[in-house]
Amino acid sequence: QRQRRRGVKRFAFRLARLARVRSLQEEQARAEWRAAEQEAVAARAHRDQAHADRVQAREILAEDLRTSSIAPGEVVLAHQQLDRMDHEFTRRRELAATAQFQADRARTPWEERRRDVRALERLEDKARTEHKYEVEAAEAQQLDETALMRAARRTTTDTSNENLS
């Protein structure tokens, strides 16, 4: 209210609505990127587990072959199982690579939205600073006018007192 009496408006960023929309877009893009990133993390975990299972199965088969504790028919079955595990690992590796690609692709729009939001924040900061200077200038002008009016009254009063004497 004090500012309105002196002719200075309240600060209002003229791009506030746009800033809010861009902020919401940035939040949505970030959520999409995070979801894609979580999928990539899960896919890598499945890939790593498939690799570990494969390595462990190979070690068990190698130990069984060294100790001759496996029948020849079971060796064929074990190799078939290892082939399936290799195939599963290859599939999981491809899925992990695809999921990582999707996460990287989802990150780009988020980064763009983030840049837009930051640019608008800088514009708002600049506008707020300019408004602050305008308010300070208006206050200084008001103080100067008040001081001039008081000085003029004193001069008028001093002149009136001299005329009366």
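To be clear, the structure that these remarks concern was listed above.
Residues numbered from 1 in each chain as written. Predicted model: local features only at pLDDT ≥ 70, side-chain atom pairs only at ≥ 80, totals over all residues. Heavy atoms only, no water.

Undergrad: Looking at this structure, how should I read the overall build of the protein?
TA: The secondary structure content of the protein amounts to three helices and zero strands. If you list the helices and strands of the protein from N to C, you get α-α-α. For a compact globule of 165 residues, the expected C-alpha radius of gyration is about 15 Å, and the protein comes in at 38 Å, more than 25% above that figure. Across its three principal axes, the protein shows a C-alpha extent of roughly 135 × 30 × 20 Å. The burial tally for the protein puts 18% of its 165 residues in the buried class. Restricting the contact set of the protein to residue pairs at least 6 apart, pairs at least 24 apart contribute 86%. For the protein, the accessible area works out to roughly 12,900 Å², and carbon and sulfur atoms hold 50% of it. Taking the average place of the 34 positive charges on the side chains of the protein and the average place of its 30 negative ones, the gap between the two points comes to 8 Å. (Helix = DSSP H or I, 4+ residues; strand = E, 2+ residues; numbered from the N terminus. Rg over C-alpha atoms; globule rule 2.2 N^0.38 Å. Buried < 20%, exposed > 50% of the residue type's maximum accessible area, 1.4 Å probe, protein only. Contact = heavy atoms within 4.5 Å. Areas by Shrake-Rupley, 256 points an atom, 1.4 Å probe, with all protein chains shown as cover. Lys, Arg positive; Asp, Glu negative; His and termini not counted. Charge placed at Lys NZ, Arg CZ, Asp CG, Glu CD.)

Undergrad: When you look at the nonpolar core in this model, what are you seeing that I'm missing?
TA: Grouped burial of nonpolar side chains is what soluble globular proteins tend to show. Listed in full, the 10 residues of the largest apolar core are Ala29, Trp33, Ala36, Ala40, Ala43, Ala96, Ala99, Ala103, Ala106 and Trp110. Elements that contribute at least two residues to this core include exactly α2 (16–67) and α3 (72–164). Each residue touching Ala96, except ones within four places of it in the same chain, is listed here: Ala43, Arg44 and Arg47. Ranked by size, the runner-up nonpolar core spans six residues in total, among them Leu61, Ile70, Leu82 and Met85. (Core = buried A, V, L, I, M, F, W, Y, C linked by side-chain atoms within 4.5 Å.)

Undergrad: Please explain the pattern of salt bridges as it appears in this structure.
TA: Opposite charge on two side chains permits pairing when their charged atoms draw close. Using the criterion set out here, one finds 12 salt bridges in the structure. For Arg66, the salt bridge goes to Glu63, with nearest N and O atoms at 2.9 Å. Separated by three residues within a single helix, Arg66 and Glu63 lie in helix α2, roughly one turn from each other. Classification of Glu63 as partly exposed rests on a relative accessible area of 37%. Here Arg91 makes a salt bridge to Glu88, at a shortest N to O gap of 3.0 Å. Taken together, the residues span about one helical turn, with Arg91 and Glu88 both in helix α3 at a distance of three residues. (Salt bridge = Lys/Arg side-chain N within 4 Å of Asp/Glu carboxyl O.)

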